[in-house]
Amino acid sequence: MDISVVIPLYNEAESLPELEEWIAGVMKKNGFSYEILFINDGSTDDSWNVIRSLRDARPDTVHGVSFRRNYGKSPALNTGFALAKGDVVITMDADLQDSPDEIPELYRMIMEDGYDLVSGYKKKRYDPLSKTIPTKLFNATARKVSGIHNLHDFNCGLKAYRNKVVKHIEVYGDMHRYIPYLAKLAGFHKIGEKVVHHQARKYGKTKFGFDRFVNGYLDLLTLWFTGTFGKKPMHLFGLVGSLMFFLGFIAAAAVGAMKLYHMYAGQPYTLVTNSPYFFIALTTMILGCQMFLAGFIGELVVRNSAKRNDYEIEETL
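How each quantity is defined
Residues numbered from 1 in each chain as written. Predicted model: local features only at pLDDT ≥ 70, side-chain atom pairs only at ≥ 80, totals over all residues. Heavy atoms only, no water. Helix = DSSP H or I, 4+ residues; strand = E, 2+ residues; numbered from the N terminus. Buried < 20%, exposed > 50% of the residue type's maximum accessible area, 1.4 Å probe, protein only. Contact = heavy atoms within 4.5 Å. Areas by Shrake-Rupley, 256 points an atom, 1.4 Å probe, with all protein chains shown as cover. Salt bridge = Lys/Arg side-chain N within 4 Å of Asp/Glu carboxyl O. Expected span 1.5 Å × (residues − 1). Arc of directions from axis to C-beta. Axes fitted to C-alpha atoms, helices over the stretch in contact; angles between N-to-C directions. Left-handed = near helix turned anticlockwise from the far one by under 90°. Nonpolar A, V, L, I, M, F, W, Y, C, P; charged D, E, K, R; others polar. Pairing = 2+ DSSP bridges. Core = buried A, V, L, I, M, F, W, Y, C linked by side-chain atoms within 4.5 Å. Parallel < 35°, antiparallel > 145°, perpendicular 65-115°, else oblique.

### Topic: the overall build of the chain
Then comes step 1: Across its full length, the chain holds ten helices and seven strands.
Then comes step 2: Expressed as a percentage of its 317 residues, the buried residues of the chain come to 41%.
Then comes step 3: Summarising the internal contacts of the chain: among those between residues at least 6 apart in sequence, 79% fall at separations of at least 24.
Then comes step 4: Accessible surface, the chain: about 17500 Å² in total, of which carbon and sulfur atoms supply 59%.

### Describing the environment of T135
Then comes step 1: Checked against the element boundaries, T135 lands in helix α5 (residues 129–146).
Then comes step 2: What makes T135 buried here is its relative accessible area of 13%.

### Let's talk about the pattern of salt bridges
Then comes step 1: The tally for this structure, following the rule as stated, stands at eight salt bridges.
Then comes step 2: Its salt-bridge partner being R58, residue E20 comes within 2.6 Å of it at the nearest N-O pair. Taken together, the residues E20 in helix α1 (residues 16–30) and R58 in the loop between α2 (47–57) and β3 (62–66) connect sequence positions 38 residues apart.
Then comes step 3: Through salt bridges with shared partners, a single network forms among E105, R108, E112 and D113.

### A word on α1
Then comes step 1: Over its 15 residues, α1 runs 21 Å from end to end, which matches the ideal 21 Å to within 8%, given 1.5 Å per residue.
Then comes step 2: Residues of α1 that are buried include every one of L16, L19, E20, I23, A24, V26 and M27, and no others. Buried positions in α1, seen along its axis, are confined to an arc of 160° and lie on one side of it. Summarising the geometry of α1, the exposed residues directed more than 90 degrees from the buried face are E21, K28 and K29.
Then comes step 3: Next to the buried residues of α1 lie β1 (3–9), β2 (34–40), α2, β3 and α4 (103–111).
Then comes step 4: Looking one or two places after α1, you find G31, whose phi comes out positive at around 70°.

### Structural notes on the packing of α1 against α2
Then comes step 1: The interhelical angle for the contact between α1 and α2, taken along N-to-C directions, is 35°, at an axis separation of 10 Å. The hand of the α1/α2 crossing is right-handed. Residue-level contacts link L16, P17 and E20 of α1 to S47, V50, I51 and L54 of α2.
Then comes step 2: Split into classes, the residues belonging to the contact of α1 with α2 amount to five nonpolar, one polar and one charged.

### Some remarks on the environment of D46
Then comes step 1: If you trace the backbone, D46 turns up in the loop between β2 and α2.
Then comes step 2: Distance in space between the C-alpha atoms of D46 and E12 is 8.3 Å, their sequence separation being 34 residues.

### Some details on helix α9 (residues 234–264)
Then comes step 1: End to end, α9 covers 43 Å across 31 residues, agreeing with the expected 45 Å (1.5 Å per residue, within 8%).
Then comes step 2: Among all positions in α9, only M234, G238, G241, G248 and V255 are buried.
Then comes step 3: Against the buried residues of α9 lie α10 (276–303).
Then comes step 4: Just beyond α9, the residue with positive phi is G266, at close to 70°.

### Overview of the sheet that holds β3
Then comes step 1: Across the sheet, which stays open at both edges, the seven strands sit in the order β3-β2-β1-β4-β6-β5-β7 with mixed pairing between neighbours. Unpaired on one side and paired on the other, β3 and β7 (191–195) mark the two borders of the sheet. Averaged over all neighbouring strand pairs, the angle between strand axes comes to 20°, with direction disregarded.
Then comes step 2: Bridge count for β1 against strand β4 (residues 88–91) is four bridges, and the pairing is parallel. The partner of V5 across the bridge, within β4, is I90.
Then comes step 3: Sheet contacts for α4: β1, β4, β5 (117–121), β6 (159–162) and β7; angle to β4, the most-contacted strand, approximately 140°.

### Here we look at the nonpolar core
Then comes step 1: If you look at the biggest cluster of nonpolar residues, it comprises 34 residues, and the most contacted ones within it are I3, V5, I7, F38, I90 and M92.
Then comes step 2: Counting residues per element, the ones that place at least two in this core are β1, α1, β2, α2, β4 and α4.
Then comes step 3: With six residues, α1 is the largest single contributor of residues to this core.
Then comes step 4: Once residues lying within four places of it in the same chain are set aside, the contact partners of I3 are M27, F32, S33, Y34, E35, G86, V88, I90, I103 and Y107.
Then comes step 5: The next biggest cluster of nonpolar side chains, apart from the first, holds 30 residues, and it includes F81, L117, Y178 and L182.

### Remarks on the packing of α9 against α10
Then comes step 1: Following both chains from N to C, one finds α9 and α10 inclined at 160°, their axes separated by 7 Å at the closest point. Considering their axes alone, α9 and α10 lie roughly antiparallel with respect to each other. The handedness of the crossing between α9 and α10 comes out as left-handed.
Then comes step 2: In terms of residue class, the contact of α9 with α10 is made up of 19 nonpolar, seven polar and one charged.

Right, here's the structure in full:
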């Protein structure tokens, strides 16, 4: 099979028939063998019944999965990725803001240009400033942290993947925003971008909220931390803890040395416990010990993990 189109959706009943017909027309025109996977993320409208009717009309190409409740876009994508059979996997949103006419070129970039992943870039957007400005800030931060400097729109729903990419990444929580970063951490470094047409929303309303912007930064921090120190926590906690303990020890020794100097010089002096600097130094030493122990415990957890030697082997001879 050439292409699997994975479409996560939540309350998009009105747009589904038009989207399915549009995709089918593009596939027929280009001679692609394909499947469409509608992942219904606990919709409360008539979305699932619409998917049923589309399935009845095209049983060979339309498939659907319905969650019992709303879990989020990441679990929906992860489920679709597990089921996808096509050589190239295309993801798009169900709101008709992503154009299926982009599919042939995305397919070509994967199959002929050799990209592992191609992310869409909605250069001209039909979104309000309340969404576009936070999006620009978010993408600038994501480029800096991930090191993928050629992407302008990490969270674009329209993406193309080589099949083996989606089989080797796990999309969980709200990590769908960082799929290119997940792919890079999994060893897929040929990541490209294509400027795609962005259409104004025709049905329904946007699911974007300010909480997603805030949570996005927290998820990015989590992904950076686990990607960098997930298998070597002592490299962070041990280093920081040792440095804090050393600085605290030097500071405590300096407080004691100052008292001894004043004693031998016959100058007035007070107990070291009367100095706030002594307690600051002591607290720093304690925190340093705790950080070091956290790293040590982390190393024990990693060492006893069943996946500690689970490496992705590309090829053997």
